[in-house]
Amino acid sequence: MAFRFTFVGAFILLLAAAAVAQGGAAQPDTNSIVDAMLKAQHNNKARVKPFTVRRNYLLLDKQAEQKAQVVATITTLPPDSKEYEIEHSSGGIGEKVLRDILAKETEQPKDAERKDLSRQNYNFQLLGEEQLDGRRCYLIGLKPKREEKDLLRGKVWVDAETYNIRRIEGSPVKNPSWWLHDLSILMDFAEVDGMWLRTSMHAVANVRFKGKYVMEARDLDYRFTQETASRRPVSRHRANPAMFAGSALRP
């Protein structure tokens, strides 16, 4: 009997050792993941080059019926200049809402560091791991340090291999407008010609006296030309308050 227990015990130890060998190093803690994420953000900003994106904005009601559309080309001139041209728009008041969102997204940043995904603005918590589009990701909780409309309470999906942010989901800790409540925002990110960019956004809100509305913004195509690189920034008008806080985070 003693020999049997010794054999079983040794077998269990061998299985445990094999599991450790296959599993590799222990899972990093919150601080090391956030450090790597912030470093990846810094490196990504350094890789941004002049480009033009064609983007489709839609406004939908609670029945998912299209109420307005704006298709625009947006040119980014690093480090912080953007300009846009509208190709097509329709939808009356809803069209004006989308135009305001577009204008806010492309205006010159003010106090940009107060909107960044950084330790100055957020406390972070490791919530676990999830698969997203076939990639293993760390799920990081976001807790804003201040009650401001440009900060989100929510979570971030961080690629476990590259530490790039693949998704951000959350709600502003403070309503951006008296007209809105229960606002939630989801942003997806992907690699585009060596740059890590936001490629889509989905925002849902209850509009006072109107009910639920959805705003979707999706990148359609990109252009990288010498003409874009040689263009100089132009002065922009200030935007009216946007219906949705589309630029709540600057990852």
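Everything discussed here concerns the structure shown above.
In this text, all values refer to a predicted model and were calculated from it rather than measured experimentally.

1. Focus: the overall build of the chain
Check the secondary structure of the chain and you find four helices and 10 strands. Listing the helices and strands of the chain from first to last along the sequence gives α-α-β-β-β-α-β-β-β-β-β-β-β-α. Contacts spanning at least 24 positions in sequence make up 53% of the contacts within the chain whose residues lie at least 6 apart. Total accessible area on the chain stands at roughly 14,300 Å², and carbon and sulfur atoms take up 51% of it.

2. Re the environment of Leu-197
For Leu-197, the position within the fold is in strand β9 (residues 195-207). Residue classification places Leu-197 among the buried positions, given a relative accessible area of 11%. Counting along the chain gives 149 residues from Leu-197 to Val-48, while the straight-line C-alpha distance between them is 8.9 Å. Filtering out sequence-adjacent residues up to four positions away, Leu-197 remains in contact with Phe-51, Asp-188, Phe-189, Ala-190, Val-192 and Tyr-222.

3. Some points on the pairing of strand β5 (residues 135-144)
Most of β5 sits out of view: seven of its 10 residues are buried. Bridge count between strand β4 (residues 122-132) and β5: 10 bridges; the pairing is antiparallel. Note on β5: the bridge partner recorded for Leu-126 is Ile-140. Linkage of β4 to β5, two consecutive antiparallel strands, is achieved through a turn of two residues, within which Asp-133 is found at a positive phi near 55°.

4. What about the pattern of salt bridges?
Enumeration over the complete set of coordinates arrives at 17 salt bridges. Its salt-bridge partner being Arg-54, residue Glu-87 comes within 2.9 Å of it at the nearest N-O pair. Here Glu-87, found in strand β3 (residues 81-90), pairs with Arg-54, found in strand β1 (residues 51-61); they are 33 residues apart in sequence, far enough to count as distant. Ionic pairing is found between Asp-188 and Arg-167, a salt bridge with its closest N-O pair at 2.6 Å.

5. What about helix α2 (residues 30-47)?
In this model, α2 (18 residues) spans 26 Å end to end at C-alpha, consistent with the 26 Å of a helix rising 1.5 Å per residue. Among all positions of α2, only Thr-30, Ile-33, Val-34, Met-37, Ala-40, Gln-41 and Asn-44 are buried. Down the axis of α2, the smallest arc covering the buried residues is 120°, so these residues share one side. With respect to the buried face of α2, the exposed residues turned more than 90 degrees away are Lys-39, His-42 and Ala-46. Of the surrounding elements, those touching the buried residues of α2 are β4, β5, β6 (152-159), β7 (165-172) and β9.

6. Observations regarding the side chain of Ser-118
Checked against the element boundaries, Ser-118 lands in the loop between α3 (93-106) and β4. The class for Ser-118 is buried, based on a relative accessible area of 10%. Non-local contacts of Ser-118, meaning those with residues more than four positions away in its chain, are made with Leu-38 and Phe-124.

7. Focus on the packing of aromatic side chains
Enumeration according to the criterion identifies five aromatic pairs in this entry. Between the aromatic rings of Phe-51 and Tyr-222, the centroid separation amounts to 6.3 Å while the plane-to-plane angle is 50°, which identifies the pairing as tilted. Taken as a pair, Phe-51 in strand β1 and Tyr-222 in strand β10 (residues 211-223) lie far apart in primary sequence, 171 residues in all. By relative accessible area, which is 23% here, Tyr-222 ends up partly exposed. For the ring pair Tyr-122 and Phe-124, a centre distance of 6.2 Å and an interplane angle of 40° mean the geometry is tilted. Through pairs of rings, three or more aromatic residues link up here, namely Phe-51, Tyr-222 and Phe-224.

8. Some thoughts on the nonpolar core
Met-37, Tyr-57, Leu-98, Leu-117, Phe-124, Val-156 and Met-215 are the most contacted members of the largest nonpolar core, which has 49 residues in total. Counting residues per element, this core draws most heavily on β9, at seven residues.

Thresholds applied
- Residues numbered from 1 in each chain as written.
- Predicted model: local features only at pLDDT ≥ 70, side-chain atom pairs only at ≥ 80, totals over all residues.
- Heavy atoms only, no water.
- Helix = DSSP H or I, 4+ residues; strand = E, 2+ residues; numbered from the N terminus.
- Contact = heavy atoms within 4.5 Å.
- Areas by Shrake-Rupley, 256 points an atom, 1.4 Å probe, with all protein chains shown as cover.
- Buried < 20%, exposed > 50% of the residue type's maximum accessible area, 1.4 Å probe, protein only.
- Pairing = 2+ DSSP bridges.
- Salt bridge = Lys/Arg side-chain N within 4 Å of Asp/Glu carboxyl O.
- Expected span 1.5 Å × (residues − 1).
- Arc of directions from axis to C-beta.
- Phe/Tyr/Trp six-rings, centres within 6.5 Å; stacked < 30°, edge-to-face > 60°.
- Core = buried A, V, L, I, M, F, W, Y, C linked by side-chain atoms within 4.5 Å.

Nothing here speaks to function; it is all geometry.
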